[in-house]
Structures are given as C-alpha cells and as structure tokens.
Amino acid sequence: MAKKIIFRGDGNPNTGLGHLFRLFALIEMFKEEYEYVLVTNTSTLLAAIPKKYNIDIIPKKVSILDEADWLAEHYPPKKHILILDGYQFQSNYQKKIKNHSYKLVYIDDLAHEYMYADYVVNHSPHATIEQYRSEHYTKFALGTNYAILRPQFLKKPQAKREITIPSIALVCLGGADKNNFTYKFVLELLNIPQIQKINVVVGAAYNFSNIFELENKNDKVKVYKNLDGESLHTLMNTCNFAVAPTSTILLELISVNMYLVSGYYVDNQKMAYHELAKRNVFEGIGNINTYKFNFLKTHLLNIKSPVIRAQIKSQHNLIDGNQKCRFLDIMKNLS
C-alpha cells in the first residue's frame with residue numbers, strides 16, 4: 001500500500017500565503033495517486049485553504065520544539081511521507097523528524113539551513129547543489145524542471161502568443177501584499193490610455209479596502225479575491241500583460257505566456273529576479289520597495305512588437321509541462 005502524504009505548512013497576513021500555495025500545487029499533483037492531509041497550526045488563515053482539502057490543525061499548546069513528537073504520535077512514520085514548506089522548519093526540526101524515521105521532503109528557497117531531508121526541492125531558476133550543506137543521503141530537485149505549479153499551469157502552450165500592444169492587464173502582488181503595492185500599481189496603470197482593462201488578483205489574506213473602492217469608481221478595474229487554480233488560469237488567458245513579483249505567481253504567468261513586468265520585495269525573491277532577468281522573461285523594475293510607480297506609462301507607450309515576441313519566446317521553453325511526472329517519481333522513490 002502506498003504511503004500517505006502529510007503536507008505541513010502555515011500562512012497568514014503577516015507571513016504571507018506563499019508556503020501554503022506551493023503545498024496546494026503539490027496536493028493537486030498528488031491527490032489522485034495518494035491519500036493526504038494538510039497539517040497546519042492555529043495561526044493559519046483557514047479561509048485561504050480550499051474547503052475540499054483534508055486538514056488537521058496542530059493544537060496551540062504544541063510548540064515547534066514538540067511538533068515532531070506530535071506528528072509521530074498522530075501519523076505513524078512507517079505509513080507517511082512528510083513534505084514541509086516554511087522557514088520555521090530549520091535543521092533541528094528536520095533532524096527530529098528524521099529521528100522518527102519519516103521520509104522527508106523539504107521545500108526550500110533560501111539554502112540557509114543544513115539539510116537532513118531525503119529530498120530538497122527548490123524551484124528557483126538559480127538553485128544549485130553547491131549552495132547547500134546536507135547529509136550524504138540527501139537528494140536535490142532544483143530549478144524550473146521542478147516548478148511547483150498547479151496542473152492548469154503545467155499545460156505547455158501549443159504556440160507562442162502574438163501580442164502587439166499590452167492592453168489588458170493583470171496585477172497580482174501575492175496573497176497578502178501587506179504593503180498594498182497592488183493599489184499603487186493599479187493607480188499607475190489607470191494613467192495609461194492604452195490599458196483597457198485591469199484585472200486585479202488578491203488573496204484571502206489581503207486586508208485593504210481601497211482597491212475595492214477603486215473598483216466601484218472605475219469600470220476599467222475588476223478585483224478577484226482568492227481565486228482557485230482553474231479560475232486564475234482562465235483569467236490569465238484573457239490578459240496580455242501582467243505585473244507580478246518573482247514568486248510562484250510569476251512562474252504561473254510565464255507558463256501562460258504574456259508580456260511581463262516584474263520586481264522583488266523580499267529577500268527570497270531577489271536571486272530568482274536576477275536569474276530570470278538574465279533570461280529575458282520579463283521587463284525588470286528591481287526592488288519594488290523603492291520603485292517610484294512612474295515607469296510603466298513611458299515604457300508601455302514605447303514598447304515594440306519584436307521586444308514582446310522575444311520575451312515570449314524566452315518564456316516558452318522555461319516550463320516544459322513534465323513537472324508532475326518528476327514529482328511523482330520522487331514520491332515513488334520514497335514509498
């Protein structure tokens with residue numbers, strides 16, 4: 001009998017939802033092949049978790065130091081594979097998990113910790129084995145060949161999209177966007193005559209009201225909150241231009257193929273930003289924390305079709321559509 005999978009991660013307005021979203025993508029890849037449970041703690045914004053998912057909540061009294069024992073008591077290691085995504089799962093945590101004889105996969109994008117996991121997954125395009133310190137048995141699944149995307153975004157486009165003028169925009173700055181960059185980019189785009197429509201995607205942890213007030217005042221703006229993968233994929237295919245950070249949402253946009261503008265606002269996005277900028281898959285604006293929100297009008301008015309075609313050509317080969325098969329191979333090796 002195949003082992004069951006424990007997906008362990010948290011997400012809320014303070015920490016963001018990125019760790020949860022990556023686990024959601026893996027759940028979608030594995031749910032037809034494996035029984036699973038998503039284990040989270042009491043700080044997590046439960047509204048962000050799809051209602052159809054099997055979840056278990058760690059009691060508040062269980063500290064991070066005691067989690068490994070709690071997991072082993074409730075989910076026998078011989079019958080489960082554990083997949084972790086979160087910066088709190090440091091070396092000591094991983095070591096305790098391995099001491100309970102779990103097979104362990106750790107989703108990482110920092111390469112700061114000593115790794116005790118059986119597999120380390122880092123889908124950042126810059127990731128290399130040389131960045132890591134690990135046990136002799138640890139194996140690595142690195143780069144966009146292991147892009148953690150929902151199945152809708154792993155369907156490779158049949159042909160490169162033809163875009164002449166960026167006119168229908170999508171703006172997504174993450175599931176929480178605690179700095180409300182979303183609102184500032186929408187205001188900038190409203191000053192560009194060629195932009196006919198601005199589709200705004202926010203997550204369940206987004207807590208600002210001014211974007212919804214703007215939607216009520218302006219017919220160009222449409223706000224979508226907490227979209228599922230299928231709805232987001234459909235929406236992206238109606239757009240020909242997007243603004244997003246260099247996080248998982250950017251890989252999803254790349255898989256659809258459109259003209260992209262991207263930057264970074266936290267450290268774990270910075271190296272991916274520089275690597276993808278070298279590959280010409282987006283127009284870079286650097287650190288969004290210091291961005292002046294005055295670049296897009298001049299840029300979009302002067303953009304030429306050959307530049308757009310070159311960007312989309314660079315995007316086209318980054319996601320090959322075989323990621324699910326590679327992740328299933330990892331699970332088979334651990335079962």
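Before reading further, recall that the structure is shown in the block above.
Let's talk about the pattern of salt bridges
Part 1 of the argument: A complete count under the given rule lists 12 salt bridges for this structure.
Part 2 of the argument: With a closest N to O distance of 3.6 Å, Glu275 and Lys278 form a salt bridge. Of this pair, Glu275 and Lys278 both sit in helix H8 (residues 267-278), separated by three residues, roughly a single helical turn.
Part 3 of the argument: When salt bridges that share partners are traced, they join Arg8, Asp10 and Glu67 into one network.

What about the environment of Ala47?
Part 1 of the argument: Mapped onto the secondary structure, Ala47 falls in the loop between strand S2 (36-41) and strand S3 (55-58).
Part 2 of the argument: On a C-alpha basis, the gap between Ala47 and Asn12 in space is 9.8 Å, while along the polypeptide they are 35 residues apart.
Part 3 of the argument: Excluding residues within four positions of it along the chain, Ala47 makes contact with Ala204 and Asn226.

Some words on helix H5 (residues 210-217)
Part 1 of the argument: Taken as a whole, H5 has its buried residues at Ile211, Leu214 and Glu215. Taken around the axis of H5, the buried residues stretch over an arc of 105°, which confines them to a single face. For H5, the exposed residues lying more than 90 degrees away from the buried face are Asn216 and Lys217.
Part 2 of the argument: Buried residues along H5 sit in contact with helix H4 (181-190), strand S11 (197-202) and strand S12 (221-225).

Let's talk about unusual backbone geometry
Part 1 of the argument: For Asp177, which is not glycine, the phi torsion reads 45° and is therefore positive.
Part 2 of the argument: Tracing the backbone through its elements, the reader meets Asp177 in the loop between strand S10 (168-171) and H4.

Considerations on the sheet that holds strand S1 (residues 4-8)
Whenever strands of a sheet pair, they do so through backbone hydrogen bonds, lying parallel or antiparallel.
Part 1 of the argument: The seven strands lie next to each other as S3-S2-S1-S4-S5-S7-S9, forming an open sheet whose pairing is parallel. The sheet is open, and its two edges are formed by S3 and strand S9 (139-142), each paired on a single side. Mean inter-strand twist for the sheet, computed between neighbouring axes without regard to direction, equals 20°.
Part 2 of the argument: Both strand S5 (residues 103-107) and strand S7 (residues 119-122) contribute to a ladder of three bridges, which runs parallel. Bridging from a neighbouring strand, Tyr106 pairs with Val120 of S7.
Part 3 of the argument: Each of S1, strand S4 (80-85) and S5 touches helix H3 (residues 91-99); the most contacted strand, S5, lies at about 160° to it.

Quick notes on the rules
- Residues numbered from 1 in each chain as written.
- Predicted model: local features only at pLDDT ≥ 70, side-chain atom pairs only at ≥ 80, totals over all residues.
- Heavy atoms only, no water.
- Salt bridge = Lys/Arg side-chain N within 4 Å of Asp/Glu carboxyl O.
- Helix = DSSP H or I, 4+ residues; strand = E, 2+ residues; numbered from the N terminus.
- Contact = heavy atoms within 4.5 Å.
- Buried < 20%, exposed > 50% of the residue type's maximum accessible area, 1.4 Å probe, protein only.
- Arc of directions from axis to C-beta.
- Pairing = 2+ DSSP bridges.
- Axes fitted to C-alpha atoms, helices over the stretch in contact; angles between N-to-C directions.

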